[in-house]
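# Structural description and commentary
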Amino acid sequence: MQPTNIADPAYFHKVVDCQWACPAHTPVPEYIRLIAQGRYGDAYMVNWVSNVFPGILGRTCDRPCEPACRRGRVEQNNAGDPEPVAICRLKRVAADNKEDVRGRMPKRVPSNGKRIACIGAGPASLTVARDLAPLGYQVTVFDAEAKPGGFMRTQVPRFRLPEEVIDEECGYILDLGVEFLAGERISSMKALLAQGDFDAVFVGCGAPRGRDLELPGRREAAGQIHIGIDWLASVSFGHVTKIGRRVIVLGGGNTAMDCCRSARRLGGTDVKLIVRSCFDEMKASPWEKEDAMHEGIPILNYHVPKAFIHEGGQLTGMSFELVRAEYDARGKRQLVPTGEPDVLVECDDVLVAVGQENSFPWIERDCGIVFDQWGLPQLEPGTFRSTVPNVFFGGDAALGPKNIITAVAHGHEAAISIERLLNDASPNDRPPPTVNLMSQKMGIHEWSYDNDTSLETRFKVPWAKAEMALASIKVEVELGFDAATAFREAQRCLNCDVQTVFNQETCIECDACVDICPMDCISFTGNGDEPDLRTRLKAPALNLLQDLYVSDGLKTGRVMVKDEDVCLHCGLCAERCPTGAWDMQKFLFESAMAGSARRPRAPREVAA
């Protein structure tokens, strides 16, 4: 193998698994250390720079960082399940406990004369506005609703996300000088472009149409059959305040979970979730499924809906065909009928949450924007620019239904494209990230961070009492960590951004680091091809998704090989090394953003 090029920002970025997995590349270990120090405002601002909505995401994020967390690879609970750091819930700690941070937000600057229209006031559009308004762009956000937030406000129930949190974090963006035009639905893209009032247009209107199920009885019993996302919006705005006692929810995603739990609070005493697939293949996040079952909602799998049963137009139940999964040699699944009799499930209402689709009836197909066979806009890779050069898309409107943090990431990238376009530069020429490697030495064997590995297992977030939580749609279920628990959970972080950096010039090949490493992830051996080398280490490096750190040839002709997969970043190798060939260096990676060279940097942690 060739020596590892640690000057390549992507190498150590990938080692910080949580940040690598986050679509917005939030520097997770950085803000977790700040939380452990009680510097909640600083931790909030580190989050705000990249993910824009720390309080919202601290309650609702899909948490792609947590399955990637190194802690989950080196520690399991009694059931054998991974125990990653509770990254998402620590984010909420920063939001809940911060001081007033309004004075730390970017200040309004004089207009540069360029105007941007953002269609829809969801997370993608608000991120574009957040990035461009402080640079002097006049950003106008159009939305059909009275308040900003998009699906964060209309589809996430208040028992998961209180309205005051949405108001606060959307307010920070509007306070930057963003113009919000409430109750203004754009009905024609051609008309908007023809006005010539805007130099660029960003479409962040989401995927607003829920899929229906055209089964026998659908039209006859339409009064008791509801599209999930529309029903959730009606609940959010107070138009729907009750539901029948027996409720069936169809679908296996997070929207279906929200429908179940909302129905439970609006009078549904017998709420069932029914899915076509098996439990493990449901698209809902594992914790969403756990929360639904915790509230007494059974999940029936391998049930394929066949018909809505009604009497005189009154819904009485649904019939389902029982199936099983069979897989071919390539692993492709097919649902095969079991031959058992169809199952009748009685109900008073059905909520259909089987997916969402993009809907652009207001974008004329002759306006120059090309759509693909799935109804999605054809976008330039990496820039989010459509076939009309000054029209950009992001969030669910760009690539179909995803999640909040993905929409935020799209917004950041689109904002870069817009700024480059309006400054006569190519949106394809992307600015590089900001990176830095800094030694953490304070003495010979003393570090500016706490490198003790906590033996605590993952802490559970306390819940409101069931009788209170299920009595109201507005009572927040999760109470969040208190300061003491947050500190202990933060101590579980392995500081993966503090890298073990090897200097081959001072190495005397004494193997002291090999002897002391608790994970057996350091080896000195002869070089070779990667597949061969991975099998000849002190402990075989079996996770091909994580790289090997390989030195150049040493004096004996051997090379140092370190498996980045299970390293604890404990620093014992650096403490044991008699020549200082190992050093602990903090790697700071910050994604480029529009105007990043002019934007104030986020605060940094100091020694604990």
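Here, every reference points to the structure presented above.
A brief report on the enclosed structure follows. What you are looking at is a predicted structure, and each value in this text was computed from that prediction instead of being measured.

## Focus: the environment of Ser188
With respect to the helices and strands, Ser188 occurs in the loop between strand E3 (179-182) and helix H12 (189-195). Through-space distance from the C-alpha of Ser188 to that of Pro540 is 60 Å; in sequence the pair is 352 residues apart. In contact with Ser188, other than residues within four places in its own chain, are Trp362 and Glu364. A distance of 3.0 Å separates the side chain of Ser188 from the backbone nitrogen of Ala191, its partner in a polar contact. Within the structure, Ser188 has its side chain in polar contact with the side chain of Glu364 (distance 2.5 Å).

## A word on the packing of aromatic side chains
This structure, assessed with the given rule, holds eleven aromatic pairs. An angle of 85 degrees between the planes, with centres 6.4 Å apart, marks the rings of Phe12 and Tyr549 as edge-to-face. Pair noted here: Phe12 is in helix H1 (residues 9-15) and Tyr549 is in strand E22 (residues 548-550), with a separation of 537 residues, a long-range link. Taken individually, Phe12 and Tyr549 each receive the classification buried, so the pair is uniform in this respect. Ring centres 6.0 Å apart and planes at 80 degrees place the aromatic pair Phe142 and Phe198 in the edge-to-face group. Taken together, the residues span a long stretch of sequence, with Phe142 in strand E2 (residues 138-143) and Phe198 in the loop between H12 and strand E4 (200-203) at a distance of 56 residues. Summarising the burial analysis for this pair, Phe142 and Phe198 share the class buried. Within the aromatic cluster, the residues linked to one another by ring pairs are Tyr11, Phe12, Tyr549, Phe587 and Phe589.

## Let's talk about the pairing of E2
In terms of burial, E2 is largely enclosed, as five of its six residues are buried. Two strands pair when backbone bridges link them, and strand E1 (residues 115-119) and E2 are joined in this way by five bridges, in the parallel orientation. Of the residues in E2, the one forming a bridge with Cys118 is Val141. Of the crossover connections in this fold, the one passing from E1 over helix H9 (residues 123-132) to the parallel E2 is right-handed. As paired strands, E2 and E3 are joined by four bridges and run parallel to one another. Following the sheet pairing, Asp143 is matched in E3 by Ala182.

## Regarding the sheet that holds strand E24 (residues 582-590)
Spatially, three strands are ordered E17-E24-E20 in an open sheet, and the strand pairing comes out antiparallel. Lying at the two open borders of the sheet, with one neighbouring strand each, are strand E17 (434-439) and strand E20 (498-502). Strand-to-strand twist across the sheet, computed as the mean angle between neighbouring axes with direction ignored, equals 35 degrees. Pairing of E17 with E24 involves six bridges; the strand directions are antiparallel.

## So, helix H4 (residues 40-51)
Compared with an ideal rise of 1.5 Å per residue, which puts twelve residues at 16 Å, H4 spans 16 Å between its outermost C-alpha atoms and is within 8% of the ideal. Residues of H4 that are buried: Tyr40, Gly41, Asp42, Ala43, Tyr44, Met45, Val46, Asn47, Trp48, Ser50 and Asn51.

## A look at the side chain of Thr127
Note on placement: Thr127 falls in helix H9. Thr127 gets classed as buried once you look at its relative accessible area, which sits at 0%.

## Examining the pairing of strand E8 (residues 270-274)
Summarising the sheet, strand E7 (residues 246-250) and E8 pair through five bridges and their orientation is parallel. Along E8, the bridge assignment pairs Leu250 with Ile274. Direction of pairing for E8 relative to strand E9 (residues 299-300): parallel, over a ladder of two bridges. The residue of E9 that forms the bridge with Leu273 is Ile299.

## What to know about unusual backbone geometry
The backbone phi angle of Tyr302 is positive, close to 60 degrees, even though this residue is not glycine. Mapping Tyr302 onto the fold places it in the loop between E9 and strand E10 (303-311).

## What about the side chain of Arg492?
Structurally, Arg492 can be placed in the loop between helix H19 (483-490) and E20. Excluding its chain neighbours within four sequence positions, the residues that come into contact with Arg492 are Arg71, Glu75, Glu83, Pro84, Val85, Ala86, Ser454, Glu456, Thr457 and Arg458.

## So, the pattern of salt bridges
Per the stated rule, a full pass over the model turns up 52 salt bridges. Between Arg71 and Glu75 there is a salt bridge whose closest N-O contact spans 3.0 Å. Across the pair, Glu75 and Arg71 agree in class, each one buried.

The rules behind each value
- Residues numbered from 1 in each chain as written.
- Predicted model: local features only at pLDDT ≥ 70, side-chain atom pairs only at ≥ 80, totals over all residues.
- Heavy atoms only, no water.
- Helix = DSSP H or I, 4+ residues; strand = E, 2+ residues; numbered from the N terminus.
- Contact = heavy atoms within 4.5 Å.
- Polar contact = N/O pair within 3.5 Å; in protein donor to acceptor, adjacent residues only side chain to side chain.
- Phe/Tyr/Trp six-rings, centres within 6.5 Å; stacked < 30°, edge-to-face > 60°.
- Buried < 20%, exposed > 50% of the residue type's maximum accessible area, 1.4 Å probe, protein only.
- Pairing = 2+ DSSP bridges.
- Right-handed = clockwise from strand over helix to strand, strands pointing away.
- Axes fitted to C-alpha atoms, helices over the stretch in contact; angles between N-to-C directions.
- Expected span 1.5 Å × (residues − 1).
- Salt bridge = Lys/Arg side-chain N within 4 Å of Asp/Glu carboxyl O.

The analysis is restricted to geometry; functional conclusions fall outside its scope.
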